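Survey of secondary and tertiary structure
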Amino acid sequence: PKNLLLPPSMPKNDTFQMKNYAVINSMGGTPCNECKKAIETADYIALRDRNPLFPDSAVMMKELYPNKISEAAEEVLQDLFPGGVNRQKIIAVQHRDIPTEEARLELALALDKVSKAGHATIVFFVAGTAPNHDSLSCYKQIAQMMTEPSVVYEEENMWKSVG
């Protein structure tokens, strides 16, 4: 099963007399049943949902790719404020789907307070649209419930999400 975690182009162990390691770092969420068997065979597993000491790998991207992330962040600001017109402070928000309208309203009210206190626009963005991850329809409903400025940024570009 570990071979399911390695790239298909990876040479077989006996070719180069080396050991292949499968590492799962800062995995979140609940894997589908088909994936569990392969995941359990990894040499190292760090699950961020079970231990907050394992941060999401995305937070380390700026350290690894500072120029690429800075460029992507500038592109996001251009997307949000074309030509630099009315550029303002933003607070980026990403969260899982929230199933109940009551909980969505509670979050909308809390984000209104944060937006008002920080004199900033709330920008919802997707970090991935896998099942039970982000939900654009959830973001849109919460944005409609808010009274303070908010934007649902629908771009699904990894660099822009991290930027």
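My aim in this report is to walk through the structure given alongside it, one point at a time. Just so you know, these numbers come straight off a predicted model, no measurement behind them.

Rules used in this analysis
- Residues numbered from 1 in each chain as written.
- Predicted model: local features only at pLDDT ≥ 70, side-chain atom pairs only at ≥ 80, totals over all residues.
- Heavy atoms only, no water.
- Pairing = 2+ DSSP bridges.
- Helix = DSSP H or I, 4+ residues; strand = E, 2+ residues; numbered from the N terminus.
- Right-handed = clockwise from strand over helix to strand, strands pointing away.
- Axes fitted to C-alpha atoms, helices over the stretch in contact; angles between N-to-C directions.
- Contact = heavy atoms within 4.5 Å.
- Parallel < 35°, antiparallel > 145°, perpendicular 65-115°, else oblique.
- Left-handed = near helix turned anticlockwise from the far one by under 90°.
- Nonpolar A, V, L, I, M, F, W, Y, C, P; charged D, E, K, R; others polar.
- Salt bridge = Lys/Arg side-chain N within 4 Å of Asp/Glu carboxyl O.
- Buried < 20%, exposed > 50% of the residue type's maximum accessible area, 1.4 Å probe, protein only.
- Core = buried A, V, L, I, M, F, W, Y, C linked by side-chain atoms within 4.5 Å.

1. A closer look at the pairing of strand 3 (residues 90-93)
- As judged from the four bridges shared by strand 3 and strand 4 (residues 121-125), these two strands associate in the parallel manner. Across the sheet, Val93 pairs through a bridge with Phe124, a residue of strand 4.
- For the crossover from strand 3 across helix 5 (residues 101-118) to strand 4, the handedness is right-handed.

2. Focus: the sheet that holds strand 5 (residues 150-153)
- Read from one edge to the other, the open sheet built from three strands follows the order 3-4-5, with strand pairing classed as parallel. Pairing within the sheet leaves two strands with one partner each, and these edge strands are strand 3 and strand 5. Pairs of neighbouring strands in the sheet enclose a mean axial angle of 25°, with direction left out of account.
- Together, strand 3, strand 4 and strand 5 form the strand contacts of helix 4 (residues 66-80), whose direction differs from that of strand 5 by roughly 120°.

3. Some details on the side chain of Arg104
- Position of Arg104 among the secondary structure elements: in helix 5.
- Setting aside its immediate chain neighbours within four residues, Arg104 contacts Asp97, Ile98, Ser137, Cys138, Gln141, Ile142 and Met145.

4. What to know about the packing of helix 5 against helix 6 (residues 136-145)
- Orientation of helix 5 relative to helix 6, taken along the N-to-C sense of each, is 55°, at an axis distance of 9 Å. Judged by the inter-axis angle, helix 5 sits oblique to helix 6. In terms of crossing hand, the pair formed by helix 5 and helix 6 is right-handed. Here helix 5 contributes Glu101, Arg104, Leu105, Leu107, Ala108, Leu111 and Asp112 to the contact with helix 6, which in turn contributes Ser137, Cys138, Gln141, Ile142 and Met145.
- Of the residues belonging to the contact of helix 5 with helix 6, the class tally is seven nonpolar, two polar and three charged.

5. Concerning the pattern of salt bridges
- Taken as a whole and judged by the stated rule, the model has five salt bridges.
- The closest approach of N and O atoms between Lys160 and Glu75, which form a salt bridge, is 3.9 Å. Highlighted residues: Lys160 in helix 7 (residues 158-162) and Glu75 in helix 4, separated in sequence by 85 residues.
- Since its relative accessible area comes to 13%, Lys160 is described here as buried.

6. Examining unusual backbone geometry
- For His119, which is not glycine, the phi dihedral falls at a positive 50°.
- Position of His119 relative to the elements: it lies in the loop between helix 5 and strand 4.

7. Brief notes about the nonpolar core
- Counting 13 residues, the largest nonpolar core has Leu111, Ile122, Phe124, Ile142 and Met146 as its most contacted members.
- Where this core is concerned, the elements lending two or more residues are helix 5, strand 4 and helix 6.
- Tallying contributions element by element places helix 6 first for this core, with four residues.
- Membership of the second largest hydrophobic core comes to seven residues, among which are Val76, Leu80, Val123 and Tyr153.

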